[in-house]
Amino acid sequence: MIQSERHIYPSYDQFVSRHNKEWLLQQRSRVIWLTGLSGSGKTTIAKGVERVLYEMGHLTMILDGDNVRAGINSNLGFSPEDRAENIRRIAETAKLFVQNGVVTICSFVSPTHAIRQVAADIIGAKDFIEVYINTPLELCEKRDVKGLYAKARKGEIPDFTGISAPFEPPQRPALEIQTQGRHVEDSIKQLLDYIVPLVQHDGSK
Ligand code: ADP
């Protein structure tokens, strides 16, 4: 059914524009999309970056896989259809935040080119900054932060990315962060060095 048949008329012209909100917050909003294997370091880096941005006076929002699946997407599983719907809702949510001037950090495995393309298309290429947290599978498995790899190896988690489902590394990410042999603070700094200039406001109204 098309939208007009349901009598839905979305209005995209806001009373207070994104431009105004960016001025209010003195920042440029962007979506920082972290992709990588489970245990690669997405959540750790997202939290560290958020802490520093907060100290610099920036308003941020982290959208994280587990939190979203525990809440807005709690009715979704891991079938291909549900994974696609999961990403669609996340991207639409990120778009709402970015339209409100908020620097939005998305932390999701988002394992395939197709899934990340859906997110990029919804959010818009200009606002979508793809960051590949590149950690070898063996190291992620050794870290096994949540014990998921052990379970996946025992066959208790079907379609687990890296073990029984593919991870397609981004071909041209805006930034690639290799965490192997690097301190957490170095990885956080690498991302900050890239995004701080992008979110700086020049003060013009
Ligand atoms: P993800 O969110 O990608 O599933 P997590 O951030 O939950 O991964 O876990 C990554 C683990 O790797 C954490 O225990 C973190 O302390 C550790 N780690 C070690 N070195 C790094 C690094 N350079 N960058 C990020 N995390 C690292």
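Structure's up top.
Because the structure is predicted, anything quoted here is derived from the model rather than measured.

1. What about the overall build of the protein chain?
Looking only at helices and strands, the protein chain features eight helices and five strands. Scaling as 2.2 N^0.38, a compact globule of 205 residues should have a C-alpha radius of gyration of about 17 Å, and the protein chain matches this with 18 Å. Projected onto the principal axes, the alpha-carbon positions of the protein chain cover approximately 55 × 50 × 30 Å. Buried positions account for 44% of the 205 residues belonging to the protein chain. A sequence separation of at least 24 residues applies to 75% of the contacts in the protein chain between residues at least 6 apart. A total of about 11400 Å² of accessible surface is found on the protein chain, and carbon and sulfur atoms cover 55% of it.

2. A few points about the site of the ligand
The full set close to the ligand counts 16 residues, and Gly39, Lys42, Thr43, Thr44 and Ser187 are the nearest of them. The side chain of Lys42 places a nitrogen or oxygen atom 2.7 Å from an oxygen atom of the ligand. Within the side chain of Ser187, a nitrogen or oxygen atom sits 2.9 Å from a nitrogen atom of the ligand. In isolation the ligand exposes 570 Å². Once the protein is present, 80% of that is buried. At four residues, helix α2 (residues 42–55) tops the list of elements feeding residues into the shell around the ligand. Partitioned by chemical class, the residues of the shell around the ligand number four nonpolar, nine polar and three charged.

3. Description of the packing of aromatic side chains
Applying the stated rule across the entire model yields four aromatic pairs. Pairing Tyr149 with Phe160 gives two aromatic rings, centres 5.1 Å apart and planes at 85°, and the pair type is edge-to-face. On the criterion of sequence distance, the pair formed by Tyr149 in helix α7 (residues 148–153) and Phe160 in the loop between α7 and β5 (175–178) is long-range, its members being eleven residues apart. For the pair shown, Tyr149 and Phe160 are each scored as buried. Of the aromatic side chains, those joined through ring pairs into one cluster are Trp33, Phe108 and Phe128. Over the face of the ring belonging to Phe167 we find Arg116, whose NZ or CZ atom lies 5.8 Å from the ring centre. Cation over ring: Lys205 sits above Trp23, and NZ or CZ is 4.1 Å from the ring centre.

4. Some points on the state of the cysteines
Evaluated as defined, the whole model comprises zero disulfides. No disulfide involves Cys106; its nearest neighbouring cysteine sulfur is the one of Cys140, lying 20 Å away. Of the residues examined, Cys140 reaches a relative accessible area of 0% and is grouped as buried.

5. Observations concerning helix α4 (residues 80–99)
If you check α4, its first and last C-alpha atoms are 29 Å apart, about what 20 residues at 1.5 Å a residue would give, namely 28 Å. Those residues of α4 that fall on the buried side of the exposure criterion are Arg83, Glu85, Asn86, Ile87, Ile90, Ala91, Thr93, Ala94 and Val98. Of the surrounding elements, those touching the buried residues of α4 are α1 (18–25), β1 (31–35), β2 (60–64), α3 (65–70), β3 (103–107) and α5 (113–123). Just downstream of α4 lies Gly101, where phi reads positive at about 85°.

Criteria and cut-off values
Residues numbered from 1 in each chain as written. Predicted model: local features only at pLDDT ≥ 70, side-chain atom pairs only at ≥ 80, totals over all residues. Heavy atoms only, no water. Helix = DSSP H or I, 4+ residues; strand = E, 2+ residues; numbered from the N terminus. Rg over C-alpha atoms; globule rule 2.2 N^0.38 Å. Buried < 20%, exposed > 50% of the residue type's maximum accessible area, 1.4 Å probe, protein only. Contact = heavy atoms within 4.5 Å. Areas by Shrake-Rupley, 256 points an atom, 1.4 Å probe, with all protein chains shown as cover. Near = heavy atom within 4 Å. Polar contact = N/O pair within 3.5 Å; in protein donor to acceptor, adjacent residues only side chain to side chain. Nonpolar A, V, L, I, M, F, W, Y, C, P; charged D, E, K, R; others polar. Phe/Tyr/Trp six-rings, centres within 6.5 Å; stacked < 30°, edge-to-face > 60°. Lys NZ or Arg CZ within 6 Å of the ring centre and 35° of its normal. Disulfide = S-S within 2.5 Å. Expected span 1.5 Å × (residues − 1).

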